[in-house]
Amino acid sequence: MADAAPAAGTAEAPLFERLCIIGPGLIGSSILRVARERGDIARHLVATARSEATLARVRELGLADTVEADPGRAVEGCDGVILCVPVGSYAGVMARIAPHLSPGCVLSDAGSTKGSVIRDLTPLLPKGVHLVPAHPMAGTEHSGPDAGFAELFKGRWCILTPPPGTDPAAVARVRALWERAGSMIEVLDATTHDKVVAIVSHLPHLIAFTIVGTADDLAQETREAVLRFAASGFRDFTRIAASDVDMWRDVFLNNREAVLEMLARFTEDAQAFGRAVRWGEAGFIEDRIKRGRKIRRSLIELKQA
Ligand code: NAP
């Protein structure tokens, strides 16, 4: 069933009767929050997490109607399930939930890589369960159930990568969920998605993790000065570099080809820049800076800055 028609004189009917969020961290708890706030995403919200501490915190915050430690029991009777765990743990989580997924259920996710998600979930997908992978292009460097907020997805893109032949009604429901969360939707194939995010997200993170390490390797005296004067640009790298370890390890390990391809292209371009600096080629340097400014302006115009 697609986006349910609203009953006369009432708000729109919920898209899901029973929606389970697996991994109520930054992304998962933000989905729970916006679903709670709106009321038209799911009638009943279920959450399951790995640790006792997260389960207890989700209960304290009142983020879900049912908080269940066992992922298999959590998904029972659900018509919607969203994996919000690090992408490296998908195969293990899927092995636990697959026997409990109901026919007709829409299985989606929020993972930052999409080829690996289809690779890991498809072999265990029960007949009649619809897989509609998704990637909300929204986030912060914070994690855990306290880090989430209902407005996280507002005005941000969410990319759907349904494999060929996916039930259009299941895709429509996932699209409607993200639209109700405030997102703009794009549908891409998984390979294109993985290349795009390698350049817009994964490579910038790789550079940030590397540059703060390079600064940390400097001699004591220089390192102290770097930290003291960090406001001049370096600070933005340290914010990105403060991101979650498990999530980012899994992203790099699960988007290997695309990250390596983009890194190779970047390295060539950075070396060309370096050569221009060495040989005093002011025109080349100016051209690069002008290009950077132009790209920034177009991002501002697109309201994505
Ligand atoms: P997070 O705040 O660290 O939350 C991760 C959740 O997954 C927690 O509830 C955690 O449970 C659970 N978890 C971790 N490892 C697990 C495992 N091995 N088995 C089962 N559950 C496990 O992470 P997040 O930032 O919300 O990211 C969640 C997903 O969204 C990831 O796939 C990430 O790639 C994607 N994503 C993230 C961002 C971002 O900027 N952060 C943006 C878009 C998409 P416990 O707390 O109990 O350990």
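Residues numbered from 1 in each chain as written. Predicted model: local features only at pLDDT ≥ 70, side-chain atom pairs only at ≥ 80, totals over all residues. Heavy atoms only, no water.

**Focus on the layout of surface pockets**
Then, in step 1: Put simply, the second largest pocket is a space of about 230 Å³.
Then, in step 2: In terms of lining residues, the second largest pocket is bounded by P204, I207, I211, G233, D236, F237, R239, I240 and F266.
Then, in step 3: Going through the elements one at a time, α7 (190-217) and α9 (234-241) are the ones with two or more residues in the lining of the second largest pocket.
Then, in step 4: Here the lining of the second largest pocket gets four residues from one element, more than from any other, and that element is α9.
Then, in step 5: Considered class by class, the residues forming the lining of the second largest pocket number six nonpolar, one polar and two charged. (1 Å grid on protein atoms, 1.4 Å probe; cavity = no way out; pocket = protein on both sides within 12 Å on 5 of 7 lines; lining within 4 Å. Points joined across faces, edges and corners; volume = space filled by probe spheres on them. Helix = DSSP H or I, 4+ residues; strand = E, 2+ residues; numbered from the N terminus. Nonpolar A, V, L, I, M, F, W, Y, C, P; charged D, E, K, R; others polar.)

**Details of empty space enclosed by the protein**
Then, in step 1: For the structure shown, the criterion picks out one cavity of 30 Å³ or more.
Then, in step 2: Of the voids in this model, the largest cavity is the one considered here, and its volume is about 40 Å³.
Then, in step 3: In this structure, the largest cavity is lined by F16, L19, G80, V81, I82, V106, S108, V174, L177 and W178.
Then, in step 4: Residue classes in the lining of the largest cavity are distributed as eight nonpolar, two polar and no charged.

**Some remarks on the site of the ligand**
Then, in step 1: Lining the immediate environment of the ligand, one finds 27 residues, of which R50, S51, T54, V85 and S112 sit closest.
Then, in step 2: Here an oxygen atom of the ligand sits 2.6 Å away from a polar atom, N or O, in the main chain of S51.
Then, in step 3: Within the backbone of V85, a nitrogen or oxygen atom sits 2.7 Å from an oxygen atom of the ligand.
Then, in step 4: In isolation the ligand has 900 Å² of accessible area, and contact with the protein removes 86% of it.
Then, in step 5: Of all the elements in the fold, those that place two or more residues in the shell around the ligand are α1 (26-38) and β7 (134-136). (Near = heavy atom within 4 Å. Polar contact = N/O pair within 3.5 Å; in protein donor to acceptor, adjacent residues only side chain to side chain. Areas by Shrake-Rupley, 256 points an atom, 1.4 Å probe, with all protein chains shown as cover.)

**A word on the packing of aromatic side chains**
Then, in step 1: Applying the stated criterion across every chain yields a total of five aromatic pairs.
Then, in step 2: Ring geometry for F209 against W248: centres 6.3 Å apart, planes inclined by 65°, an arrangement best described as edge-to-face. One end of the pair, F209, is in helix α7; the other, W248, is in helix α10 (residues 245-254), with 39 residues separating them in the sequence.
Then, in step 3: Among the residues examined, F209 registers a relative accessible area of 27% and is labelled partly exposed.
Then, in step 4: With relative accessibility at 6%, the residue W248 sits in the buried group.
Then, in step 5: Taken together, a centroid distance of 5.8 Å and an interplanar angle of 45° make the contact between W248 and F252 tilted. Taken as a pair, W248 and F252 lie in helix α10 at a separation of four residues, close to a single helical turn.
Then, in step 6: Members of the aromatic cluster, connected to one another through ring pairs, are F209, W248 and F252. (Phe/Tyr/Trp six-rings, centres within 6.5 Å; stacked < 30°, edge-to-face > 60°. Buried < 20%, exposed > 50% of the residue type's maximum accessible area, 1.4 Å probe, protein only.)

**Examining the packing of α7 against α10**
When two helices pack together, their arrangement is given by the angle between the helix axes and the distance between those axes.
Then, in step 1: Between α7 and α10, the least distance of the axes is 11 Å, while the angle of their chain directions is 120°. Relative to α10, the element α7 lies oblique. Remark: the crossing between α7 and α10 carries left-handed chirality. Here α7 contributes S201, H202, H205, L206 and F209 to the contact with α10, which in turn contributes W248, V251 and F252.
Then, in step 2: Residues belonging to the contact of α7 with α10 are distributed by class as follows: five nonpolar, three polar and no charged. (Axes fitted to C-alpha atoms, helices over the stretch in contact; angles between N-to-C directions. Parallel < 35°, antiparallel > 145°, perpendicular 65-115°, else oblique. Left-handed = near helix turned anticlockwise from the far one by under 90°. Contact = heavy atoms within 4.5 Å.)

**Some points on a positive patch on the surface**
Then, in step 1: The grouping of R291, R293, K294 and R297 at the surface amounts to a positive patch.
Then, in step 2: Assignment of secondary structure puts K294 in helix α12 (residues 282-301). (Patch = residues over 30% accessible without salt bridge, like charges linked within 9 Å, V, L, I, M, F, W, Y side chains within 5 Å. Salt bridge = Lys/Arg side-chain N within 4 Å of Asp/Glu carboxyl O. Lys, Arg positive; Asp, Glu negative; His and termini not counted. Charge placed at Lys NZ, Arg CZ, Asp CG, Glu CD.)

**Quick look at the pattern of salt bridges**
Then, in step 1: The final tally for this structure, using the stated rule, is 19 salt bridges.
Then, in step 2: Among the salt bridges present, the one from E17 reaches R43, with a minimum N-O distance of 2.9 Å. In this pair, E17 is assigned in strand β1 (residues 16-22) and R43 in strand β2 (residues 42-48), connecting sequence segments 26 residues apart.
Then, in step 3: Look at E17 and you get partly exposed, because its relative accessible area is 42%.
Then, in step 4: R57 is the partner of E60 in a salt bridge, and the nearest nitrogen-oxygen pair spans 2.5 Å. Placement of both E60 and R57 in helix α2 (residues 52-61) is noted, with a separation of three residues, approximately one turn of the helix.
Then, in step 5: The partly exposed category is assigned to R57, whose relative accessible area is 28%.
Then, in step 6: The structure contains a network of salt bridges with shared partners spanning E12, R38, D40 and R180.

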